[in-house]
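Architecture at a glance
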Amino acid sequence: MNENKTKPLDSRQNNFNIIRLFAALLVLIYHANGFFHHKLPHGDILGQIAVGTFFMISGYLITGSFFRQKTLDKYIKARIFRIFPALIAVNFLVAFALGPIISNVSISDYFLSPTPYTYFIGTSLLYLGGHGTLIGVNKSPNGSLWTLLFEFIAYLGTAFLGKFKLLKTPIILGGIILLYIISQVNIPLFKTMTPKTFTILFIAYGFGTIVYLQQNMIIKFIRTSSLSLPIAVISLIIVTLFIVYFDQYFLYMIPFLTVLIFYLSFTDKIRLYNFGKNADWSYGVYIYAWPITLTLHQFSPRMNVWIADLIIVIISIFFAHLSYKFIEKPMMLFGKKEYILAPYK
């Protein structure tokens, strides 16, 4: 796996961290407005754009991670120690600290019920992402987590394709076209989920993968060509038209969203390269915002939605900062140690 691509053109100078945080905050606001019964204009497609942006950037970064790792097991370790420690922590807090507070049953009945334990184990193993239940809690304890299952499947897909030397632009593009075809199949899977639900995520991830594979050409074009800004502006106009008039056709907006997101990521006209360098909050905000919103709504259901949004943003960033400093970063470093998951000798 050390068959890395040629050295990219300053690819580490990018705006990924602030874009991902913005996407996480957009998901937060979308969910919070739903909790507090305020319809966010074009909220559904904005939520899809936010999640699609996450997967797009993941496709780029995870493909890069695969090529940088020396062996397949190091790649898998890196992915496990990135996604699971914070996930397990938030699930533990929700099941055993928050759950008893917001449940409408007594504490003794709560802990005698199997639901805290099945919820904790199931969600930590990515079982339908956070759509488990807790006794006495009327809403999903953490409805944001469902995407993590598909995120991890995408990680494994990258590993499979890379292992068999299939991480090539024509193959990924062919896969994207196949996913577009599959998305038209209207057969319910995973209860109410149809193929369209998750093909959106994999298509976005695939476009991010292609950008990584063609990164030298793309970054050079963005930073040196006089055409890059007009193309980005045209893409922004098209994305805006989809949001306002054609939100039901989100799938077909993804190529234009890809152009816009990676232009904003690599342009040297916006230099926020060091944002999040010491603490990446995006993942923490994404996994903590829903339970924080649920708790605030439980105790103040009639709060003004914009005040609620502000409170949730502040508390979520606080928890995200703690999560990164004391869980995510230490565990990522721990996962790099050679003896972790190493074969017995």
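Everything below is about the structure printed above this text.
Let me begin by describing the structure that accompanies this report. Small disclaimer: the values here were computed from a predicted structure and weren't measured. (Residues numbered from 1 in each chain as written. Predicted model: local features only at pLDDT ≥ 70, side-chain atom pairs only at ≥ 80, totals over all residues. Heavy atoms only, no water.)

1. Here's the deal with the environment of leucine 126
- Here leucine 126 is to be found in the loop between helix H5 (115-124) and helix H6 (146-163).
- Considering only alpha carbons, one finds leucine 126 and tryptophan 146, 20 residues apart in sequence, at a separation of 7.6 Å.
- Once residues lying within four places of it in the same chain are set aside, the contact partners of leucine 126 are Phe84, Leu87, Leu148, Leu149 and Phe152. (Helix = DSSP H or I, 4+ residues; strand = E, 2+ residues; numbered from the N terminus. Contact = heavy atoms within 4.5 Å.)

2. Section: the nonpolar core
- Counting 96 residues, the largest nonpolar core has Ile254 and Ile287 as its most contacted members.
- With near-sequence residues (within four places) excluded, isoleucine 287 lies in contact with Ala86, Leu87, Val90, Asn142, Leu145 and Leu148. (Core = buried A, V, L, I, M, F, W, Y, C linked by side-chain atoms within 4.5 Å. Buried < 20%, exposed > 50% of the residue type's maximum accessible area, 1.4 Å probe, protein only.)

3. Section: the packing of aromatic side chains
- All told, the structure shown has 32 aromatic pairs when counted by the stated rule.
- Measuring from ring centre to ring centre gives 5.9 Å for phenylalanine 67 and tyrosine 212, while their planes differ by 10 degrees; the resulting arrangement is stacked. Linking phenylalanine 67 in helix H2 (residues 43-68) with tyrosine 212 in helix H8 (residues 195-213), this pair joins segments that are 145 residues apart in sequence. Tyrosine 212 carries the same exposure label as phenylalanine 67, and that label is buried.
- Considering the side-chain rings of tyrosine 110 and phenylalanine 111, the 5.2 Å spacing of their centres and the 85 degrees angle between planes classify their relative orientation as edge-to-face.
- Assessed through its relative accessible area of 0%, tyrosine 110 is described here as buried.
- Residue classification places phenylalanine 111 among the partly exposed residues on the basis of a relative accessible area of 31%. (Phe/Tyr/Trp six-rings, centres within 6.5 Å; stacked < 30°, edge-to-face > 60°.)

4. Describing the side chain of asparagine 15
- Topologically, asparagine 15 is positioned in the segment before helix H1 (16-35).
- Among the residues examined, asparagine 15 registers a relative accessible area of 2% and is labelled buried.
- Of the polar contacts made by the side chain of asparagine 15, one reaches the backbone nitrogen of leucine 272; its length is 2.9 Å.
- If near-sequence neighbours (up to four positions away) are discounted, asparagine 15 is found in contact with Leu264, Ser265, Thr267, Ile270, Arg271, Leu272 and Tyr273. (Polar contact = N/O pair within 3.5 Å; in protein donor to acceptor, adjacent residues only side chain to side chain.)

That's the geometry; what it means functionally is another story.
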